[in-house]
Every structure is written in C-alpha cells, then in structure tokens.
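The residues making up each chain are set out below.
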Amino acid sequence: MAVLKPNTGNKARAYFTMAPGAGAIREIDLPGRSDDDVLVEAQFSGISRGTETLVFRGEVPETEADRMRCPFQEGGFPGPVKYGYALVGRIVEGPQDRVGEPVFVLHPHQDRAVVPATWARPIPKTVPAKRAVLAANMETALNAIWDGGVGPADRVSVVGAGVVGLLIGYLAARCPGTDVEMIDVDPAKRSVTETLGMYFVSPKDAAGGRDIVYHATGHNGGLETALGLAGTEATVVEVSWYGDRPVTVSLGHGFHPDRLTLISSQVGSVSPSRRPRWTHARRLDAALTLLEDDRLDSLIDGESDLADLPDVMSALAEGRLSTLCHRIRYP
C-alpha cells in the first residue's frame, strides 16, 4: 500500500487519468484564494463507477468532450485529465463563520482544493461525512425520479442494481403505495436491495406491464429488458451513459404498438418539470438531505487511500474489483 505524507502550503495532490488505462497521483499548485473562496481539506471522495471508468478507459466521444467536463476539471479527454465529482471535506480557510464546516463539493479526487464558497455545500448534521460521498449519485437519482414522473401507487421497475439504480428504486419506494422491483443478473445484489426496502428479482422473474421502467445497467441488453417490462403507453427512462460504445436494441416487437415513451435522464440539467424553480445548488442540497437514512451506508462497500486510487481505478475498469460505491480516504 502506497503512503502519502500530509500536504501543506500551496500544493495539493490530485488523481489524474494520464492516458486510457493509466492513472497517477500528481502534485499540483493550488490557485490563490480570494475573499469569495474557501480552502477545503478533503476527508473522503467517492468514485462514480460508471462514468469514471469510461473516462479511465478513454471512451468519452470527441463530440461530447465539452459537455462531459466536470466542475474544476483540469486537462482534457482522453488525458491527462483530472476528473471526478464527489469530494467531502472541511473548510480550513475562508469566512470565519464557515471554518470547520463539513462540506460536499462537486470536485475531482484531490486532498486540498480552493473553490468558490458557494460551491462548498453544507452537509446536514444528520448526515455523516463518510456517507456524503453519495450526494452526486443521489442528485442523479432525484433528477431521474422527476424525469420519470413517479407517483403514488405506480408500478416501477429498475433494471440495474448499481448505486444510481438502487438510489432511484429507494426514492421511488418512498412514494406512497408504489410497487418497486429491482432487477439485476447478480443475486449478490439481493441483500442491499432488500435493505433499502425493495423487491429483488432476476430478469426472467421480473413482472411486466409496468408504469415506469428505469434502465441503469450501462449495457444494451439491460435496455432490451427494460423495454420488455413496460406496459402500454408506459415510460422507459434511460439513465445509463454509454460513452462511445454503440447500442443496438430491438424496436420491432411491442415498442410501437404499445406506444412506449423512451426518454433520457442526465444530471447535467435540472429536470424540465422543476427547472423554473430549482437551481443546481438547491437540487444538490436536497440530495444531501435525502442521505439521512443509515441504511444507505450499505451502498459503500469498499475503501482505499488516495495513494492507491490508480490501482483501484484500473481494477474497477477491468472488472477485477466489484463494488457498488468505492470510497477514497485522505490522510
């Protein structure tokens, strides 16, 4: 296990994808801090497995490079690029009334960061810092719930029991009277699914005729399953992002006669149903509040030091490491 010494002064250490399949920890210079900025000392960060492994493998399409930029990204695709968006820490410099405050920042993996104070969102006292790394995933799930229009007593299916899929199902199951099925090919996902209050089923046992179906596997076979579960004039919400991989799906069966609606959900924009009233900051604050449930700790099933992140990312991208949310801790 590699060990990094504590950092001081105007330096920071950050994780970079140097080229497809290769990552490294690099020392970088911190920008000067203005009166409108805060210095955040990191405690944890979370790996958004689907998107970050696509970046690691160099699968971001050239046409989407600008739209795929994350806040505080350095470099460009395919690399060297500093990418990520789930940093948790404490403010150590800034307005006196905020020094010591635990915050979440949409920021890449980095041990110290200077950011505008408005980007450092306060973590509710009821949410442990270790769990707050899920905030970006919860924000994605919340947006997807809005996009799909889940309502009381709806029959909802979620295909893909990864972190985002599980959080979508978790939120849907909290709506009165909903019947939520979590569908995955891996029976090991049953335990966490049931912990979060949903039914787990394999694709062959999944119920059909559903009102709303979410797809979150990242594989076109999962999308085929999702379309097959949708009832007449139902909505299928595609949450997966495929990067530059082509997707083939059959639309020759019930898609047209059942008049299905297939829509995309992406967190970069607030759902149209909320956009006139909700800012990105308000949505992120809501996502942080939604993390108050202790059961959500079951989604974090791996942890490593920052120094080991290059090896961890390689193992995740190659399928040698299987976790839901892998958390990075900082010295």
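Treat the numbers as computed from the prediction; the structure is a model and nothing was measured.

A. Up close: the overall build of the protein. Looking only at helices and strands, the protein features seven helices and 17 strands. The globule rule puts the C-alpha radius of gyration for 331 residues at 20 Å, and the 20 Å found for the protein is close to it. Along the first, second and third principal axes, the C-alpha set of the protein runs to 65 × 40 × 35 Å. Burial statistics for the protein: of 331 residues in total, 52% are counted as buried.

B. Here's a closer look at the nonpolar core. Grouped together as the largest cluster of nonpolar side chains are 58 residues, with contacts concentrated most on Phe104, Leu166, Tyr214, Leu296 and Leu299. The greatest single-element share of this core, amounting to eight residues, is contributed by helix H2 (residues 135-148). Beyond its immediate sequence surroundings of up to four residues, Leu166 is in contact with Gly160, Ala161, Met182, Val192, Thr193, Leu196, Met198, Leu299 and Leu324. Ranked by size, the runner-up nonpolar core spans 22 residues in total, among them Tyr15, Ala42, Ala113 and Ala117.

C. Up close: the pattern of salt bridges. On inspection of all chains with the given rule, the structure shows 23 salt bridges. Put simply, Arg67 and Glu64 hold a salt bridge, and the shortest N to O gap is 2.9 Å. In this structure Arg67 comes out as exposed when scored by relative accessible area, which is 67%. With a closest N to O distance of 3.9 Å, Lys189 and Asp184 form a salt bridge.

D. Spatial organisation of empty space enclosed by the protein. If you walk through the whole model with that rule in mind, you get one cavity of 30 Å³ or more. Taken as a whole, the largest cavity encloses approximately 40 Å³ of empty space. Surrounding the largest cavity, Tyr15, Thr17, Glu52, Val55, Phe56, Val81, Tyr83 and Met313 form its lining. Elements represented by at least two residues in the lining of the largest cavity include exactly strand S1 (11-19) and helix H1 (49-56). The greatest single-element share of the lining of the largest cavity, amounting to three residues, is contributed by H1.

E. Structural detail: the side chain of Ser314. Note that Ser314 resides in helix H7 (residues 309-318). The buried category is assigned to Ser314, whose relative accessible area is 13%. Those residues in contact with Ser314 that sit more than four places away from it in its chain are Phe56 and Arg320.

F. Expanded view of the environment of Met18. Tracing the backbone shows Met18 in strand S1. A residue is classified by how much of its surface remains accessible, and Met18, at 28% relative accessible area, is partly exposed. Taking C-alpha positions, Met18 is 4.0 Å from Pro80, a pair spaced 62 residues apart along the chain. Those residues in contact with Met18 that lie beyond four places of it in its chain are Gly23, Ala24, Arg26, Gly79 and Pro80.

G. Up close: unusual backbone geometry. Pro78 follows Phe77 through a cis peptide bond whose omega is 5°. Inspection of the secondary structure puts Pro78 in the loop between strand S4 (74-75) and strand S5 (81-82). Looking along the chain, the bond that leaves Gly79 and enters Pro80 is cis, with omega of -5°. Note on placement: Pro80 falls in the loop between S4 and S5. In the Ramachandran plot, Phe72 falls in the positive-phi region, its phi being about 65° despite a non-glycine side chain. Within the secondary structure layout, Phe72 lies in the loop between H1 and S4. For Phe72, a relative accessible area of 26% gives the class partly exposed.

H. Main features of the packing of aromatic side chains. Going through the model one piece at a time under the given rule, you end up with four aromatic pairs. Taken together, the ring pairs in this structure connect Phe77, Tyr83 and Tyr85 into an aromatic cluster. When the ring centre of Trp278 is taken as reference, the NZ or CZ atom of Arg282 above it lies at 3.6 Å. Note that Arg327 overlies the ring of Phe44, its terminal NZ or CZ placed 5.5 Å from the centroid.

I. Structural context of the pairing of strand S8 (residues 112-116). Across the five residues of S8, four count as buried, placing the element largely inside the fold. Of the strand pairs in this sheet, strand S3 (residues 37-46) and S8 are connected by five bridges, and their pairing is antiparallel. The residue of S8 that forms the bridge with Glu41 is Arg112.

J. How the structure looks around H7. Here H7 lies mainly inside the structure; eight of its ten residues are buried. The inward-facing, buried residues of H7 abut S1, strand S2 (22-29), H1, strand S16 (300-305) and strand S17 (325-329). Gly319 sits one or two residues past H7 and shows a positive phi near 80°.

What counts and how
- Residues numbered from 1 in each chain as written.
- Predicted model: local features only at pLDDT ≥ 70, side-chain atom pairs only at ≥ 80, totals over all residues.
- Heavy atoms only, no water.
- Helix = DSSP H or I, 4+ residues; strand = E, 2+ residues; numbered from the N terminus.
- Rg over C-alpha atoms; globule rule 2.2 N^0.38 Å.
- Buried < 20%, exposed > 50% of the residue type's maximum accessible area, 1.4 Å probe, protein only.
- Core = buried A, V, L, I, M, F, W, Y, C linked by side-chain atoms within 4.5 Å.
- Contact = heavy atoms within 4.5 Å.
- Salt bridge = Lys/Arg side-chain N within 4 Å of Asp/Glu carboxyl O.
- 1 Å grid on protein atoms, 1.4 Å probe; cavity = no way out; pocket = protein on both sides within 12 Å on 5 of 7 lines; lining within 4 Å.
- Points joined across faces, edges and corners; volume = space filled by probe spheres on them.
- Phe/Tyr/Trp six-rings, centres within 6.5 Å; stacked < 30°, edge-to-face > 60°.
- Lys NZ or Arg CZ within 6 Å of the ring centre and 35° of its normal.
- Pairing = 2+ DSSP bridges.

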